[in-house]
Amino acid sequence: MPFVVTENCIRCKYTDCVEVCPVDCFHEGPNFLVIDPDECIDCTLCEPECPAKAIYPEDDVPAGQENYIALNAELAKAWPVITTRSEPLPDAAEWDGKTGKLDQLQR
Ligand code: SF4
Ligand code: SF4
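Residues numbered from 1 in each chain as written. Chains lettered and ligands numbered in written order. Predicted model: local features only at pLDDT ≥ 70, side-chain atom pairs only at ≥ 80, totals over all residues. Heavy atoms only, no water.

## Looking at the site of ligand 2
Thinking step 1. Taken together, Phe3, Cys21, Pro22, Val23, Cys25, Phe26, Ile35, Cys40, Ile41, Cys43, Thr44 and Cys46 are the residues near ligand 2.
Thinking step 2. Partitioned by chemical class, the residues of the shell around ligand 2 number 11 nonpolar, one polar and no charged. (Near = heavy atom within 4 Å. Nonpolar A, V, L, I, M, F, W, Y, C, P; charged D, E, K, R; others polar.)

So, in structure tokens, the structure goes:
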């Protein structure tokens, strides 16, 4: 069961998660990260690293965010791998915890 990045990562992108992943399955877009479900080995290491609490096991994705399961799979094929931490987006704190951010996702 792979892990999934959900809505609260949009416009946050703290990237604390990527350095702990032993199999480099995070992929980076302009303002969101996704996990490649074909590479994730379910090690659980990334989940507690995310200050935005945006990472969940696939079976535990919050109600209403199930669409992020397919979105992670789709965007992981399109976006490059990220393995080192980078600076969060400048307005990350402002967007943390906001809901209804899917229309903010840049591809
Ligand atoms: S730490 Fe959380 S919010 Fe930050 S990039 Fe990773 S999944 Fe997204
Ligand atoms: S659960 Fe492990 S393998 Fe999967 S994305 Fe997180 S750190 Fe990587």
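## Notes on the pattern of salt bridges
Thinking step 1. Inspection of every chain in the model, using the stated rule, returns five salt bridges.
Thinking step 2. Between Glu28 and Lys13 there is a salt bridge; the shortest N-O distance is 3.0 Å. Here Lys13 lies in the loop between β1 (3-5) and β2 (26-28) and Glu28 lies in strand β2, a separation of 15 residues in the sequence.
Thinking step 3. What makes Glu28 partly exposed here is its relative accessible area of 26%.
Thinking step 4. By relative accessible area, Lys13 is classed as buried at 7%.
Thinking step 5. In this structure, Asp16 and Arg85 form a salt bridge, with 2.8 Å as the shortest nitrogen-oxygen distance. Of the two residues, Asp16 sits in the loop between β1 and β2 while Arg85 sits in the loop between α1 (67-78) and α2 (92-95), which places them 69 residues apart along the sequence. (Salt bridge = Lys/Arg side-chain N within 4 Å of Asp/Glu carboxyl O. Helix = DSSP H or I, 4+ residues; strand = E, 2+ residues; numbered from the N terminus. Buried < 20%, exposed > 50% of the residue type's maximum accessible area, 1.4 Å probe, protein only.)

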